[in-house]
Structures are given as structure tokens and as C-alpha cells.
Amino acid sequence: LLTAIIGARLVSRIVIPLFAIVFKWVVIGRYKPGTYRFWSNYHLRWWITNQVLRIMGRGIFSMHPSLEVVYYRMLGARIGKDVYIDPKARLAEYDLLTIHSGSRIDNALVRGFCVERDGTFRLDRIVVGRGATINTYTQLAPGTIIPDGATYGPHASSHDQPSPTPFANYNRAAAPQPHWALKLFVAGPLILLVKFAAYLPWFTALYILLSQPAPPGGINGLEKVIIWFSSPTRVAWHSLARIIRVVFPPVLQVIFGIVLKRIMGLNREGLTENASQWTLLRRHINQTLLSQAALKRA
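Residues numbered from 1 in each chain as written. Predicted model: local features only at pLDDT ≥ 70, side-chain atom pairs only at ≥ 80, totals over all residues. Heavy atoms only, no water.

**A closer look at the overall build of the protein**
What counts is decided by this rule: Per the convention used, a helix needs a DSSP run of H or I reaching at least four residues, while a strand needs a run of E reaching at least two, with both numbered from the N terminus. Note on method: radius of gyration uses C-alpha positions; expected globular size equals 2.2 Å times residues raised to 0.38. Accessibility here uses a 1.4 Å probe with only protein chains present; expressed as a share of the type maximum, an area under 20% marks a residue as buried, one over 50% as exposed, and anything in between as partly exposed.
When its secondary structure is counted, the protein shows nine helices and 14 strands. In terms of C-alpha radius of gyration, the protein reaches 24 Å, well past the compact-globule figure of 19 Å for 298 residues. Counting only C-alpha atoms, the protein reaches 75 × 55 × 30 Å along its principal axes. Counting only residues that meet the buried cut, the protein has 37% of its 298 residues in that class.

**Concerning the pattern of salt bridges**
Pairing between side chains of opposite charge can happen when the charged atoms of each approach one another. Inclusion rule: Salt bridge, as used here: a side-chain nitrogen of Lys or Arg that lies within 4 Å of a carboxyl oxygen of Asp or Glu.
Summed over the entire model, instances satisfying the criterion amount to eight salt bridges. In this structure, Lys-24 engages Asp-95 in a salt bridge whose closest nitrogen and oxygen atoms are separated by 2.6 Å. In this pair, Lys-24 is assigned in helix α1 (residues 2-27) and Asp-95 in the loop between β4 (90-92) and β5 (97-99), connecting sequence segments 71 residues apart. There is no split in this pair, since Lys-24 and Asp-95 are both buried. Asp-95 is the partner of Arg-30 in a salt bridge, and the nearest nitrogen-oxygen pair spans 3.3 Å. With Arg-30 in the loop between α1 and β1 (34-37) and Asp-95 in the loop between β4 and β5, this residue pair connects regions lying 65 residues apart in the sequence. The partly exposed category is assigned to Arg-30, whose relative accessible area is 46%.

**Remarks on helix α2 (residues 41-56)**
An α-helical turn contains 3.6 residues, so any two residues separated by three or four positions project in the same direction. Test applied: Each helix should span, by expectation, one fewer than its residue count multiplied by 1.5 Å. Any two residues whose heavy atoms approach within 4.5 Å are treated as being in contact.
Helix length check: α2, at 16 residues, gives a terminal C-alpha distance of 23 Å against a target of 22 Å (1.5 Å per residue), a fit within 8%. On its buried face, α2 sits against α1, β1, α3 (65-74), β7 (109-111), β8 (113-115) and β9 (120-123).

**Details of the environment of Val-15**
Note on placement: Val-15 falls in helix α1. In this structure the C-alpha to C-alpha distance between Val-15 and His-43, which are 28 residues apart in sequence, comes to 27 Å.

**A look at the sheet that holds β1**
What counts, and what does not: Two strands pair if DSSP finds at least two bridges between them. Axes here refer to lines fitted to C-alpha atoms; in helices the fit is confined to the stretch in contact. Angles between the N-to-C directions go from 0 to 180 degrees.
Within the open sheet, the three strands sit side by side as β1-β9-β8. Their pairing is antiparallel. Edge positions in the sheet fall to β1 and β8, since each of these pairs with one other strand and no more. With strand direction ignored, the average angle separating the axes of adjacent strands in the sheet is 25°. Both β8 and β9 contribute to a ladder of three bridges, which runs antiparallel. Bridging from a neighbouring strand, Phe-113 pairs with Leu-123 of β9. Sheet strands in contact with α2 are β1, β8 and β9, and its direction is about 60° off that of β9.

**Overview of the sheet that holds β5**
With parallel pairing, four strands are arranged side by side in an open sheet as β2-β5-β10-β13. Two strands in the sheet have a free side with no partner beyond their single neighbour: β2 (78-79) and β13 (145-146). For strand β10 (residues 126-128) and β13, the ladder comprises two bridges, and the chain directions are parallel. What sits directly across from Val-127, in β13, is Ile-145.

**Structural notes on the side chain of Glu-68**
Its location among the elements puts Glu-68 in helix α3. Those residues in contact with Glu-68 that sit more than four places away from it in its chain are Arg-58, Phe-61, Ser-62, Ile-85, Asp-86 and Pro-87.

**With respect to the packing of aromatic side chains**
Short version of the rule: Put simply, two rings from Phe, Tyr or Trp (the six-membered ring, in Trp's case) pair if the centres are within 6.5 Å, and we call them stacked under 30 degrees between planes, edge-to-face over 60, tilted for the rest. The rule for a charge over a ring is simple: NZ of Lys or CZ of Arg within 6 Å of the ring centre, and within 35 degrees of the ring normal.
With the rule as written, the count across this model stands at 17 aromatic pairs. Put simply, the rings of Tyr-36, Phe-38, Trp-39, Tyr-42, Trp-46, Phe-113 and Phe-121 touch in pairs and so form one group of aromatic residues. Lying across the ring of Trp-25, Lys-24 places its NZ or CZ 3.6 Å from the centre. In this structure, Arg-245 is placed above the aromatic ring of Trp-202, and the distance from its NZ or CZ to the ring centre is 5.7 Å.

Interpretation note: all reported values are geometric properties and have no functional meaning in isolation.
Structure below.
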């Protein structure tokens, strides 16, 4: 059962985003700059495409920044080399986006859409220059051209003047990361172990659920399946397993994450540029197991 669940999740995380990409190209094709009326045919296609992309999600493409870049390129965005796009960045109207090499986009809003007067909306291109830095909660409006090497934000707008160059240090891409070998061979197994331990109550409930005895003989296979699935005891364990799946893993992940954080040691004051690989590794593990999303789920 666990193999089937994992396999189905993996397939869905690949197939569903690809379906959304195909849907975008079939329904609206390439976004075209211009002013369009609300409730028109183009607005309907634009809206439906946005909803499908939002509901389907990025799936497996959200697992690594380089895969996200591939996802945006498949949707029509022009993205150069060595571009960092934060997973929380909100991009849309992808055909209208040109992001040159070396750019850094944090948790910002970058989309070529805005509402105009008289019941219309406008689509226009956005160009992010080579080596530009867009910080968190910064918004780029349609028609924006960010100069090469410019820095914006945090909490800025493309209608503002560029921020001082040192503001680029506030970008998440500027934060150093542990060596890839430490992330793969140390952080990866530890994170996987904590998450596996957090799901043990759910695994136990599934084991008890599947251990329910089959109906007695004298009936055909279809009747056995119907009786087994409708058994009050099996239904009760199924309901309990779903409750455990929602309640226990998020809370246990936070608890085990705090225990691991204590074992590895607490953070200490110091310049980031002087941080050791052990400090960077510890920070990476904590940011994964005790992230805002993990705390919110708990």
C-alpha cells in the first residue's frame, strides 16, 4: 500500500503539472501584450488558465530551483543561465517574462498583468536585466524594464527608483549554503529520518486497517470486497487513519525537529561570511524541518 501511495503521488506530481502546461498552450497559447476587456473571451481563457495552473501546482518541479526554471521555460518564460527564483516567488503571464542571466528573484510578484480603467486589464512585458536583484515582497508592474545590475527592495516597486546596491545582501540567494555533499549525505538522511519517524503513527494505523479479516467464504469476490470495505470496524480505522495523517505527522515533525536542533546545537552570533560548514548545515536542516510552512501545519 505504501509503495502504491508513493508511486501514485510521484506520478501525479509529474503528470498533473505537465497537463497544466499543455492546457495553457491549448487554451491561451502565448500571452500577447495588449489591453483586454473583462468578461471577454480572452479574459475567460486567461482566467481559466490561471486557475488550472494554480490548482495543479508545480509538482515535482518545485523540488529544486533548477527544475522550477525548467517549469517556467516550458510555460514560455525566457530565462537565462544562473538565475535564482525563490520557490515562493509569484510569476505569471510567462510568455511576457524575460529574465536575463545572473538575476536573483526572491519572494516577489513578477507578472505582466494589471487592472486598468473602464473595465479592462492590461498585459505587457517585463524584462529583468542581467545580474539584477529583486528582493522579497517587491512587485514588478507590466512594462517594467529592470536595468542590468539594478537592485530593488525589499518591499519596493518597479515604480520606485532602484535601491542601494548593498540591499542585494537581503536576497535569499545571497545566503551561503552548505557543501552539496553535506546536503546530500548528511542533511538528506537526517531530514528523511525525522519525517519517516513523524509518519510512524499513520503507518501503524494503516497496518491495523489492512489487518482487518476478510469476510467468510460462501460469497463471490465482488461481494467480499463490498462487505470488507463497508465493515464498520474497517470504516472506523479508515477514519482514524485519516485523522492521524492530518494531526500527528506535522506536530511530531516539529517535536523531532526541535530535538534534532538541540542535539546539533543552537545558533550563535557571528557574521555569515565567517560561518563554518557545520553552522550552514545546521541552519539548512533547521530551515527545512522547522520552516514557516512546517510550523503552520503543526
